[in-house]
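Fold and geometry: a report
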Amino acid sequence: MENLGNLEDFKLDVLKEVGNIGSGNAATALSRLLNKPVDMGVPKVQMLPFEEIADKVGGNEQLVVAIFFRVEGEAPGNLFFILQPQAAKGLLSRLANIPSDDEESFNEMEHSALSEIGNILAGSYLSSLADFTRLSMYPTVPALALDMAGAILSYGLLQFGQMGDAALLIDTSFLEGQNQIEGQFFLIPDPESFGKIFRSLGVPMNDD
C-alpha cells in the first residue's frame, strides 16, 4: 500500500509541475495578447472522480460560464474551463478592458474575448503536458456556454459519448493587485488516455 501511495504522490507531483509550467506559459501569452502584465497564482492541482466536477463549481444547478474543448491527438479527452459569471465579467473587465453592466448575458465581443482567453490557457496547459509526455495533444475550436453546470457536463457526454471516470482539476487564479479572479480547468481524458499519459512518463499503472 505504501508503494501505491508513493506512486499516486509521484503522479500528482508530475501533474502539479505541468500546471505550474502551463500557468507560466499562459501568463506570458496573455500578457502579449493584452499588451499588459498578467499575473497568475500558483495553481492547485488535484485528481477527482468525474461525478464530483459539478460539486467543485457549486453543484449541478449552479449557473456557470464554460468554455469547452475536445482534446485531440494521441491522448484524446475533453477539457472544460469553468468560471462563475461574475468572475468571467471581472476577467473581461480587468484583463481585457471590456466593461459590462449586464451580468445575465454575454455579448458577441465578450464571447470572443473569453473564448480567446480560454484558448490560450487550454493551449498552454496541453502544450506543457505534451512536452512532458511527448504525446501529441491539442484543443479543438472552443465552444462557450452560459448554463447550469450539470447541463454543460451532460452536453459534453452527449457530444462525445463516455468520458473517462477521473478528471484532472487545475484551479487557476488571475491576480491584479489585491483582486483575484478564479476559474477551474477540468481535463477529462478518454478512458484509455490516462494510462497513455502516465506510461509515457515511465509511471506504471496499477493494472500493469
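Structural data are supplied above this passage.
Here we summarise the structure given alongside this text.

Cut-off values and rules
- Residues numbered from 1 in each chain as written.
- Predicted model: local features only at pLDDT ≥ 70, side-chain atom pairs only at ≥ 80, totals over all residues.
- Heavy atoms only, no water.
- Helix = DSSP H or I, 4+ residues; strand = E, 2+ residues; numbered from the N terminus.
- Buried < 20%, exposed > 50% of the residue type's maximum accessible area, 1.4 Å probe, protein only.
- Contact = heavy atoms within 4.5 Å.
- Areas by Shrake-Rupley, 256 points an atom, 1.4 Å probe, with all protein chains shown as cover.
- Salt bridge = Lys/Arg side-chain N within 4 Å of Asp/Glu carboxyl O.
- Core = buried A, V, L, I, M, F, W, Y, C linked by side-chain atoms within 4.5 Å.

Looking only at helices and strands, the protein chain has 6 helices and 8 strands in total. Taken from N to C terminus, the helices and strands of the protein chain fall in the order α-β-β-α-β-β-α-α-β-β-α-β-β-α. Counting only residues that meet the buried cut, the protein chain has 48% of its 208 residues in that class. The long-range fraction of contacts in the protein chain, counting pairs at least 24 apart against all pairs at least 6 apart in sequence, stands at 70%. If you sum the accessible surface of the protein chain, you get close to 10400 Å²; carbon and sulfur atoms cover 48% of it.

You will see that N97, though not glycine, has its phi angle at about 55°, which is positive. With respect to the element layout, N97 can be found in the loop between α3 (85-96) and α4 (108-133). Residue N97 is classed as exposed on the basis of its relative accessible area, which comes to 57%. Backbone geometry at R134 places phi at a positive 60°, although glycine is not the residue there. In this fold, R134 is placed in the loop between α4 and β5 (137-139).

Quick look at the pattern of salt bridges now. Per the stated rule, a full pass over the model turns up 2 salt bridges. Two residues, D190 and R70, come together in a salt bridge whose shortest N-O distance is 2.7 Å. Separated by 120 residues along the polypeptide, D190 in the loop between β8 (179-189) and α6 (193-200) and R70 in strand β3 (residues 63-73) bring together distant segments of the chain. By relative accessible area, R70 is classed as buried at 14%.

Our next topic: the nonpolar core. By size, the foremost hydrophobic cluster in this structure holds 45 residues, and its most contacted members are M40, L79, L91, L114, L121, F174 and F185. Elements with a contribution of two residues or more to this core: α1 (2-34), β3, β4 (77-83), α3, α4, β7 (166-176), β8 and α6. One finds L48, I82, A149 and L153 within the second-largest nonpolar core, a separate group that totals 17 residues.

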